[in-house]
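# Secondary and tertiary structure notes
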Amino acid sequence: MKELLTPPPIVHNQHAEIRELFNRYVVPSYGRFDLVLDRGAGSYVWDVSGKRYLDLGGGIAVCALGHANPEVTEALVEQSRRLLHVSNLYYHGPQGRLAEHIVTHLAPGKVFFANSGAEANEGLYKVARKFGHDEGRFEILTAINSFHGRTLAGIAATGQDKVKKGFEPAVAGFRHIPFNDLKAAQDAVSPATVAILIEGIQGEGGLTPATAEYLLGLRRLCDEKRMLLLVDAVQCGHFRSGRYQSFQRILEGIPGAETFQADGVSMAKSLGGGFPIGAFWVRQESHGVALADLLGPGTHGTTFGGTPLGCAVANRIFEIIERDHLEQHVRTTGDWLKSELERLARAYPVSVKSARGLGFMQGLELQARETIPAFAGSEKPASLQMVNRLHEAGVLTIPSGNQVVRLLPALNIPRAQLAEGLGIIEATLKSLG
Ligand SMILES: *Cc1c(COP(=O)(O)O)cnc(C)c1O
């Protein structure tokens with residue numbers, strides 16, 4: 001039988017072509033959504049077919065000032081005309097100024113620059129090990145459902161089995177404790193324990209903020225046992241909570257919290273607004289040790305850490321956030337967003353269980369998949385099915401576990417655009433029946 005030849009498509013199918021490149025040439029380590037994105041402006045992005053989406057995921061809390069921000073572009077262009085990279089064998093202005101910005105927003109201490117969140121955390125593990133080395137202490141306690149990155153030590157630190165599976169043996173020296181459970185932390189301390197590392201708001205673990213009592217209790221415990229209190233602020237830091245750090249917001253107005261300080265804080269995601277940069281801050285002194293000077297010459301380093309280009313961009317982002325009072329915007333608009341999500345939880349109890357989070361790090365916790373009629377027929381987790389439906393409706397959000405849909409919008413998103421997104425989320429919830 002003669003085969004019928006279909007004529008070639010007149011419109012060049014970029015979507016299929018790019019997907020095919022990924023299928024053939026890119027390691028398939030990510031579960032990707034079927035979207036091929038092409039450009040962005042502010043909190044909108046467009047796919048290759050020209051469809052527009054409101055981006056409420058912000059590149060997983062990275063795009064602090066939205067997409068294609070003209071002032072960020074200007075900082076990139078200006079600095080790239082002057083000096084891209086020189087290596088850490090030399091001094092340069094942008095790194096010194098960025099370190100000053102970070103210290104000014106936290107407390108006296110010093111900063112090391114890395115390239116990602118996982119790598120920033122690696123630095124904290126090394127600080128902790130160096131601190132406890134001469135006493136033979138090395139163990140770091142981290143929380144169940146935490147997320148600390150995908151390096152070997154990162155997956156050992158992360159309190160989720162799914163990231164560890166297949167990559168054994170695990171890096172030694174990490175043990176997990178239930179989050180927000182002070183008694184469990186007290187009971188878990190062994191003679192080898194040197195530090196406790198927690199997220200201020202668990203990002204991958206369902207948007208759970210640390211309680212004030214937990215933060216203060218961990219501080220007391222670390223003071224008693226000569227341990228370091230380390231905070232992974234890779235996702236929840238950089239003004240996302242409505243304060244520079246989420247623990248500053250959580251502890252506001254709490255008696256006894258005025259003097260609270262962490263011993264180390266890791267950061268990345270929003271710090272470069274899309275330019276890859278990570279960092280950790282370490283306190284000047286803790287337990288009588290000059291913690292900020294613990295990693296002396298030759299003990300730690302990375303080729304690309306704190307390049308003039310990355311630091312110039314991060315400095316500009318700090319300046320814009322301050323100039324435009326975005327901390328206040330995130331606080332007031334974030335409180336409103338939370339109340340709107342709580343309203344949705346009350347109005348659509350068949351699909352939504354609760355609203356949780358702080359500032360511009362919010363989550364809508366869905367009911368179990370089997371109990372949502374529209375989702376029961378598919379094996380896919382409820383969070384994924386909801387995110388897919390929102391894509392069809394023109395909104396980008398991020399799943400967190402099987403149950404939670406995360407909103408991590410740009411810090412400068414106008415309230416009207418958030419309202420537009422909430423309208424689409426509500427219409428989608430309505431359509432679930
Ligand atoms: C994203 C994230 C990391 C890892 O950062 P990478 O840049 O992906 O290495 C670590 N901790 C938390 C809390 C994160 O959200």
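Refer to the preceding data block for the structure.
This structure is a prediction, so every number in the text was calculated from the model and none was measured.

### Describing a nonpolar patch on the surface
A cluster of nonpolar residues, L21, F22, Y25 and V26, forms a patch on the protein surface that exposes about 390 Å² of accessible area. Relative to the elements of secondary structure, L21 occurs in helix α1 (residues 14–25).

### Brief notes about the site of the ligand
Taken together, the residues surrounding the ligand are S116, G117, A118, N121, F147, H148, G149, E199, D232, V234, Q235 and K269. Residue A118 places a main-chain N or O atom 2.8 Å away from an oxygen atom belonging to the ligand. For the ligand, an oxygen atom lies 2.6 Å from a polar atom in the side chain of K269. Protein burial of the ligand: of its 390 Å² of free accessible surface, 81% is covered by the chains. Broken down by element, the residue count for the shell around the ligand peaks at 3 residues, all from helix α5 (residues 117–132). Here the shell around the ligand is built from residues that sort into 3 nonpolar, 6 polar and 3 charged.

### Overview of the sheet that holds strand β1 (residues 37–41)
Ordered in space as β1-β2-β3-β15, the 4 strands form an open sheet in which the pairing is mixed. The sheet terminates laterally at β1 and β15 (395–396), the two strands that pair on one side only. The pairing of strand β2 (residues 44–47) with strand β3 (residues 52–55) spans 3 bridges and is classified as antiparallel. Paired with V45 across the bridge in β3 is Y53.

### Quick look at the packing of aromatic side chains
Counted according to the given criterion, the structure contains 7 aromatic pairs. Residues F239 and F318 carry aromatic rings whose centres are separated by 6.0 Å and whose planes lie at 85° to one another, so their mutual orientation is edge-to-face. With F239 in the loop between β10 (228–232) and α10 (246–250) and F318 in helix α11 (residues 308–323), this residue pair connects regions lying 79 residues apart in the sequence. Residue F239 is classed as buried on the basis of its relative accessible area, which comes to 1%. Centre to centre, the rings of Y244 and F318 are 5.9 Å apart; their planes meet at 35°, and the pair counts as tilted. On the criterion of sequence distance, the pair formed by Y244 in the loop between β10 and α10 and F318 in helix α11 is long-range, its members being 74 residues apart. This pair shows no difference in class: Y244 is buried, exactly as F318 is. What links up through ring pairs into an aromatic cluster is the set F239, Y244 and F318. For the cation-ring pair, R39 lies above W46, with the distance from its terminal atom to the ring centre recorded as 4.2 Å.

Thresholds, definitions, all that
Residues numbered from 1 in each chain as written. Predicted model: local features only at pLDDT ≥ 70, side-chain atom pairs only at ≥ 80, totals over all residues. Heavy atoms only, no water. Patch = residues over 30% accessible without salt bridge, like charges linked within 9 Å, V, L, I, M, F, W, Y side chains within 5 Å. Areas by Shrake-Rupley, 256 points an atom, 1.4 Å probe, with all protein chains shown as cover. Salt bridge = Lys/Arg side-chain N within 4 Å of Asp/Glu carboxyl O. Helix = DSSP H or I, 4+ residues; strand = E, 2+ residues; numbered from the N terminus. Near = heavy atom within 4 Å. Polar contact = N/O pair within 3.5 Å; in protein donor to acceptor, adjacent residues only side chain to side chain. Nonpolar A, V, L, I, M, F, W, Y, C, P; charged D, E, K, R; others polar. Pairing = 2+ DSSP bridges. Phe/Tyr/Trp six-rings, centres within 6.5 Å; stacked < 30°, edge-to-face > 60°. Buried < 20%, exposed > 50% of the residue type's maximum accessible area, 1.4 Å probe, protein only. Lys NZ or Arg CZ within 6 Å of the ring centre and 35° of its normal.

Remember that the coordinates give geometry; whether it matters functionally is a separate question.
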